[in-house]
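Observations on chain architecture
The chain contents come next:
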Amino acid sequence: MKGMPTLRGEMVTLRPIQSDDADGMWEMVTQDPEGTRQTGTTEVFTREQVDVWCAEVADRDGRADWAITHLTDEYLGEIVLNQIDAHSRNANLRLALRPSHRGRGFGGEAIQLVLDHAFAPDGLGLHRVSLDVLSINPRAYALYESLGFAVEGRLREAHLDGDHWCDVIVMAVLEEDWRARDR
Ligand SMILES: CC(C)(COP(=O)(O)OP(=O)(O)OC[C@H]1O[C@@H](n2cnc3c(N)ncnc32)[C@H](O)[C@@H]1OP(=O)(O)O)[C@@H](O)C(=O)NCCC(=O)NCCS
């Protein structure tokens, strides 16, 4: 989506993805087996696809992709609202950080910045933000729950994790939940 603003928090700054994020994104998609597993990513990307993606994604309709940065402009991971439905004012959220930047509160702050923007009338004006989390990912589940995402359903054995099935948990937060939340 063109014209996405940069969002600034106490620790992280979220800015639109740009061409020179390709090195960081390439490292994340090729050298992070645990993250690949936890996000349920099965697609294999080529370097050329990553280069084109970084160069063009900021202009794509129906989605907003931000690089997560801290202190410098370096790409430490990303947070994305995709499947933005302008009629029902819904979107899907996903995020991932590079391994050495996890567990420092960056993910939590990034989600709060994006939800503030997503639900603001002068931001995206959304009504609902949902996400899928795998049952093998207790860290992400705990984080989403702590931020007010409610479990709406459980798709039993919907994802094959190596040799074992795991569940896909559907969670969402509504604009009124977000506004009513204690900070
Ligand atoms: C999930 C992810 C985005 C979270 O970001 P993060 O910066 O690491 O998370 P934060 O540090 O903000 O918070 C993590 C919370 O989970 C808690 N946590 C960590 N490991 C946990 C575990 N195994 N079980 C339960 N809670 C756990 C932490 O204590 C922290 O809670 P707190 O803030 O109350 O202390 C990041 O870890 C990541 O990129 N993981 C790999 C990709 C991924 O799983 N993406 C999400 C797919 S749904």
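One can find the structure itself at the top, above this paragraph.
Residues numbered from 1 in each chain as written. Predicted model: local features only at pLDDT ≥ 70, side-chain atom pairs only at ≥ 80, totals over all residues.

**A few points about unusual backbone geometry**
- In this model, Leu 71 sits at a positive phi of 70°, which is unusual for a non-glycine residue.
- Relative to the elements of secondary structure, Leu 71 occurs in the loop between β3 (64-69) and β4 (77-85).
- Here Glu 157, not a glycine, exhibits a phi torsion of approximately 50°, which is positive.
- With respect to the element layout, Glu 157 can be found in strand β7 (residues 150-161).
- On the neighbour-count criterion, Glu 157 (13 C-beta atoms within 10 Å) is partly exposed. (Helix = DSSP H or I, 4+ residues; strand = E, 2+ residues; numbered from the N terminus. Buried ≥ 20, exposed ≤ 12 C-beta atoms within 10 Å, placed from the backbone.)

**Regarding the sheet that holds strand β8 (residues 164-174)**
- Spatially, the eight strands line up as an open sheet ordered β1-β2-β3-β4-β5-β6-β8-β7, and their pairing is mixed. Both outer strands of the open sheet, β1 (7-8) and β7, are each paired with one neighbouring strand and no more.
- Bridging between strand β6 (residues 128-134) and β8 involves seven bridges; their strand directions are antiparallel. Bridge assignment links Arg 128 to a residue of β8, and that residue is Leu 174.
- Sitting on the sheet, helix α4 (residues 106-119) is in contact with β1, β2 (13-16), β3, β4, β5 (90-97), β6 and β8, with an inclination near 160° to β5.
- The strands that helix α5 (residues 138-146) touches are β6 and β8; relative to β6, the one it contacts most, it runs at about 155°. (Pairing = 2+ DSSP bridges. Contact = placed C-beta atoms within 7 Å. Axes fitted to C-alpha atoms, helices over the stretch in contact; angles between N-to-C directions.)

**Comments concerning the site of the ligand**
- As a matter of local geometry, the ligand sits amid 22 residues, with Gln 38, Arg 102, Gly 107, Gly 108 and Ala 142 nearest to it.
- When residues of the shell around the ligand are traced back to their parent elements, those giving at least two are α2 (33-38), β5, α4 and α5.
- The leading source of residues in the shell around the ligand is α5, at six residues. (Near = placed C-beta within 6 Å.)

**A few points about the pairing of β7**
- Alignment of β7 against β8, held across eight bridges, turns out to be antiparallel. Note that in β8 the partner of Leu 160 across the bridge is Trp 165.
- Here β7 hands over to β8 after two residues, with Gly 162 in that stretch at a positive phi of 65°.

**Re the packing of helix α1 (residues 22-30) against helix α3 (residues 47-56)**
- The geometry of α1 relative to α3 is characterised by a closest axis approach of 9 Å and an angle of 135° between their N-to-C directions. The pairing of α1 with α3 is recorded here as oblique in orientation. For the pair α1 and α3, the sense of crossing is right-handed. For the pair formed by α1 and α3, the contact residues are Ala 22, Met 25, Trp 26 and Val 29 on the first element and Arg 47, Val 50, Asp 51 and Cys 54 on the second. (Parallel < 35°, antiparallel > 145°, perpendicular 65-115°, else oblique. Left-handed = near helix turned anticlockwise from the far one by under 90°.)

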